[in-house]
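Structure at a glance
Here's the letter readout for the chains.
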2 protein chains.
Amino acid sequence: MTRIPRIGIDAMGGDFGPNPVAEGAALALREWPGRFRLTLVGDDAEIRAALKRAHVDPAQLDIVHAAGRVPMGARAVAAARTAGTSLGTLVQCHKDGSLDGIFSAGNTGAVVASALLGLGRLEGVSRPALAAFFPNPSHGTVVLDVGANAEVKVPWLVQFAHMGSCYARYLFNFENPRVGLLSIGEEESKGNQLVQEVLPLLKGARHVNFIGPVEGRDLFKGTCDVIVTDGFTGNVLLKTAEGAASFLGRSVRREVEKDPLAMFGALFLKGALRRLRSRIDWQEYGAAPLLGVNGVCFIGHGASGPRAFRSAIDTLTTFIEQRVNEHIREEIRADHDSAA
Amino acid sequence: MTRIPRIGIDAMGGDFGPNPVAEGAALALREWPGRFRLTLVGDDAEIRAALKRAHVDPAQLDIVHAAGRVPMGARAVAAARTAGTSLGTLVQCHKDGSLDGIFSAGNTGAVVASALLGLGRLEGVSRPALAAFFPNPSHGTVVLDVGANAEVKVPWLVQFAHMGSCYARYLFNFENPRVGLLSIGEEESKGNQLVQEVLPLLKGARHVNFIGPVEGRDLFKGTCDVIVTDGFTGNVLLKTAEGAASFLGRSVRREVEKDPLAMFGALFLKGALRRLRSRIDWQEYGAAPLLGVNGVCFIGHGASGPRAFRSAIDTLTTFIEQRVNEHIREEIRADHDSAA
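Residues numbered from 1 in each chain as written. Chains lettered and ligands numbered in written order. Predicted model: local features only at pLDDT ≥ 70, side-chain atom pairs only at ≥ 80, totals over all residues. Heavy atoms only, no water.

**So, the overall build of chain A**
Per the secondary structure count, chain A includes 13 helices and eleven strands. Along the three orthogonal principal directions, the C-alpha set of chain A runs to about 60 × 60 × 40 Å. Counting across all 340 residues of chain A, residues that qualify as buried make up 58%. Accessible surface, chain A as shown: approximately 13,700 Å² in total, 52% of it carbon and sulfur. (Helix = DSSP H or I, 4+ residues; strand = E, 2+ residues; numbered from the N terminus. Buried < 20%, exposed > 50% of the residue type's maximum accessible area, 1.4 Å probe, protein only. Areas by Shrake-Rupley, 256 points an atom, 1.4 Å probe, with all protein chains shown as cover.)

In structure tokens:
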């Protein structure tokens, strides 16, 4: 691919409408001029107003008008089948080849369903999986599936291992990503039936650097680069980790605010805490790819702010530049061949 | 029950041997004199040496000698069947009626297996479940099962709801505990097959104050008082929450240590952080009951320190004083009757 990646964003998808999208676009256009071409999809008038507020010249990007939008509470498949929404139009633009990758911070279920219905699956992939990245002491860990498949079949998890390895390798520069299977102890005898059935398949997978069962706490230790699990457990893990972080942050703040001495001391910590926050903030890593769809589709938090949209544009561009989907297709094919 | 509760502790069970046990006993004996009678089970000489170091007069408690111990890595059922271990002797003392409740910070699988094999189940209970308590802004939340049953059947979860409600009510003073079912969204259409099948049963359970599906992050919000889930997902949740807390703590410390200004400021925060820590520290709440066994059996972290043993003695005593098992038996019977 020699042309620059064309990235489309659902401008109506997040909790805060087009404003943070426009501000994120402004940040990205300033930081990486000429690296990508941006298209915002949604209500034309609202997008133009948001661009104006963010001091972005509309000539720097494209706008595709779509009058409808998917409500956050909408049921996934019904929403995916509604015509004229910003999300539906975005997926359509990707499907017809006018965009190379798309991002929405909207209703996760609706984005997953729209991508599955609209784009289909990569050759050889049984089920796409949503992959989240968690920063930790040894850079970070990719976890999948974090919510696309509440119920899984055993062989899908092996494909998740392949897809997660490609993503870790080409997006986060892990050379030979170590893959762990989420369980409830490091001993192979532990875990549920799914774990017991997947274990021998992962051990036998020739192109997976499998290190064995891992636990929830390994996510924060950096003992492996990819954690494979079903979409139910992965989603619980994701939301528990986020909940714990925000609870601890709030608790510290509340405790400090009760104590004038601590309030004074906290002034000196601002720089250190800001540095830590930028290192572990989900706004930096919040864009999660739906790996295995026949296309490039990333999903963000509803509460995405300008920095989250900026990072998403960066991540999508890298994903397309690195041709991650081609690598996934090759790995899945090699796995089929070696199994045959 | 008019006599004071007789509490037994596996003195060899934790990572650090009898020393923290003796120190924890010293704290508890000083704080609640006459409220319980303590028995330490394990190597007589080692226990006496530890008591001496902790300045505890051996006449204040009983010692039951057991020469063997269960290694942390031992397989659960094999360990439970080994004769002469401190754990096996402890369970035996409970079974023969010379103790009213037991606590071990040893190999969790071995404690669960020993309790199941040695004590059996409470009348009407299909499967015992391990219940953990997580502190949060609205006091805290009981989660079960956090690891006794990696694989569950649908009706067991309804029993978990009953048992968890009794524990929340009588140990933590929740008047009419709100019970949530762990899922991946608040909408009833979300979740895996288990969730879909359990939902109508929990909604129909007359003695359960069921509020619907909850997510991992609800654990830290205090939106419900009891969270019910299978032992695989619950264990992932437990270890993820613990891992997140320790990761954030370490990250803040590391960031502060890099910055002399922050180091200076941190001096003023010590009091506030110490208060927070005592409020959310697992050593205060780490003793988890195996609810549904025909007895009182609590399990602690391997890394339990003196404060953890002290809290465990307090929690077990309260559990026995409050006759939680009688309440569980009644609830399970009422549920059977209303279902019949």
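**Comments concerning the pattern of salt bridges**
Residues and elements named next belong to chain A. Enumeration according to the criterion identifies 30 salt bridges over all chains in this entry. Among the ionic pairs, R37 bridges to D62, the shortest N-O distance being 3.1 Å. On the criterion of sequence distance, the pair formed by R37 in strand β2 (residues 37-42) and D62 in strand β3 (residues 62-65) is long-range, its members being 25 residues apart. What makes R37 partly exposed here is its relative accessible area of 29%. Among the residues examined, D62 registers a relative accessible area of 32% and is labelled partly exposed. (Salt bridge = Lys/Arg side-chain N within 4 Å of Asp/Glu carboxyl O.)

**Side note on a nonpolar patch on the surface**
A contiguous nonpolar patch, built from A:F264, A:L267, B:F264 and B:L267 and spanning about 390 Å² of accessible area, is present on the exposed surface. Looking at the nonpolar patch, the elements that each hand over two or more residues are α9 (260-267) of chain A together with α9 (260-267) of chain B. If you trace the backbone, A:F264 turns up in helix α9. (Patch = residues over 30% accessible without salt bridge, like charges linked within 9 Å, V, L, I, M, F, W, Y side chains within 5 Å.)

**Concerning the relation of the copies chain A and chain B**
Of the two same-sequence chains, chain A is brought onto chain B (RMSD 0.0 Å, axial shift 0.0 Å) by a rotation of 180°. As the rotation angle and translation indicate, the two copies are arranged about a two-fold axis. Across chain A, the smallest distance between a C-alpha and the rotation axis is recorded for A:G265, namely 2.0 Å. When you check the interface residues of chain A against chain B, 100% turn up at the interface there too, and the contact is symmetric in its surfaces. (Least-squares fit on C-alpha atoms with pLDDT ≥ 70 in both. Contact = heavy atoms within 4.5 Å.)

**So, the nonpolar core**
Side chains that are nonpolar tend, in soluble globular proteins, to be buried together. Counting residues in each nonpolar core, the largest one holds 219 residues, and the members touching the most others are A:L144 and B:L144. Of all hydrophobic cores here, the second largest spans eight residues; its members include A:V256, A:A262, A:A272 and B:A262. (Core = buried A, V, L, I, M, F, W, Y, C linked by side-chain atoms within 4.5 Å.)

**Some remarks on the packing of aromatic side chains**
Note on aromatic pairs: each is described by the distance of the centres and the angle between the planes. All names here are of chain A. One pass over the structure, following the stated rule, counts twelve aromatic pairs over all chains. Where Y167 meets F319, the ring centres are 6.1 Å apart and the plane angle is 50°; that geometry is what we call tilted. Here Y167, found in helix α6 (residues 154-172), pairs with F319, found in helix α12 (residues 306-321); they are 152 residues apart in sequence, far enough to count as distant. Residue F319 is classed as buried on the basis of its relative accessible area of 3%. Members of the aromatic cluster, each reached through a chain of ring pairs, are F133, Y167, F172, F298 and F319. The positively charged end of R35 is found above the aromatic ring belonging to W32, 5.7 Å away from the centroid. (Phe/Tyr/Trp six-rings, centres within 6.5 Å; stacked < 30°, edge-to-face > 60°. Lys NZ or Arg CZ within 6 Å of the ring centre and 35° of its normal.)

**Regarding the layout of surface pockets**
In this approach a probe as big as a water molecule rolls over the atoms, and the regions it shows empty are the leftover space. Quantified by volume, the second largest pocket comes out at close to 600 Å³. In terms of lining, the second largest pocket is formed by 23 residues, of which the most central are A:E151, A:N192, A:L194, B:E151 and B:N192. Mapped onto the lining of the second largest pocket, the elements with two or more residues apiece are α7 (193-204) and α8 (231-257) of chain A together with α7 (193-204) and α8 (231-257) of chain B. Here the residues of the lining of the second largest pocket are counted per class, giving ten nonpolar, six polar and seven charged. (1 Å grid on protein atoms, 1.4 Å probe; cavity = no way out; pocket = protein on both sides within 12 Å on 5 of 7 lines; lining within 4 Å. Points joined across faces, edges and corners; volume = space filled by probe spheres on them. Nonpolar A, V, L, I, M, F, W, Y, C, P; charged D, E, K, R; others polar.)

**Focus: the interface of chain A and chain B**
Contacts between the two partners involve 52 residues from chain A and, on the opposite side, 52 residues from chain B. Joining chain A to chain B, the criterion identifies four salt bridges. Ionic pairing is found between A:K239 and B:E215, a salt bridge with its closest N-O pair at 2.2 Å. Between the two partners, chain A and chain B, sit six residue pairs in polar contact (both at pLDDT 80 or more). Of all the elements in the fold, those that place two or more residues in the side of chain A that touches chain B are β5 (129-136), α7, α8, α9 and α10 (270-280) of chain A. (Polar contact = N/O pair within 3.5 Å; in protein donor to acceptor, adjacent residues only side chain to side chain.)

**Focus on the pairing of strand β8 (residues 209-214) of chain A**
Residues and elements named next belong to chain A. Pairing between strand β7 (residues 178-182) and β8: five bridges, direction parallel. Bridge pairing in β8 places R178 opposite N209. Considered for its hand, the β-α-β crossover made up of β7, α7 and β8 is right-handed. (Pairing = 2+ DSSP bridges. Right-handed = clockwise from strand over helix to strand, strands pointing away.)

**Concerning the sheet that holds strand β11 (residues 297-299) of chain B**
Residues and elements named next belong to chain B. If you trace the eleven strands from one edge of the open sheet to the other, you get β3-β2-β1-β4-β11-β10-β5-β6-β9-β7-β8, paired in mixed fashion. Each having just a single partner strand, β3 (62-65) and β8 (209-214) make up the two edges of the open sheet. Along the sheet, successive strands turn relative to each other by an average axial angle of 25°, direction set aside. Note that strand β5 (residues 129-136) and strand β6 (residues 139-144) share six bridges and pair antiparallel. By the bridge assignment, P135 is partnered in β6 with G140. (Axes fitted to C-alpha atoms, helices over the stretch in contact; angles between N-to-C directions.)

**With respect to the side chain of A:R6**
Here A:R6 shows up in strand β1 (residues 6-10). There is a polar contact of 2.8 Å between the side chain of A:R6 and the backbone oxygen of A:G97.

**Brief notes about the sheet that holds β1(A)**
Residues and elements named next belong to chain A. In spatial order, the strands read β3-β2-β1-β4-β11-β10-β5-β6-β9-β7-β8; together these eleven strands make up an open sheet with mixed pairing. Lying at the two open borders of the sheet, with one neighbouring strand each, are β3 and β8. Ignoring strand direction, the axes of neighbouring strands in this sheet form an average angle of 25°. Of the pairings in the sheet, the one linking β1 to β2 comprises five bridges and is parallel in character. Opposite R6, over in β2, you have R37 as the bridge partner. On top of the sheet, helix α5 (residues 108-119) reaches β4 (101-104), β5, β10 (288-291) and β11 (297-299); it is set at about 175° to β11, its chief contact.

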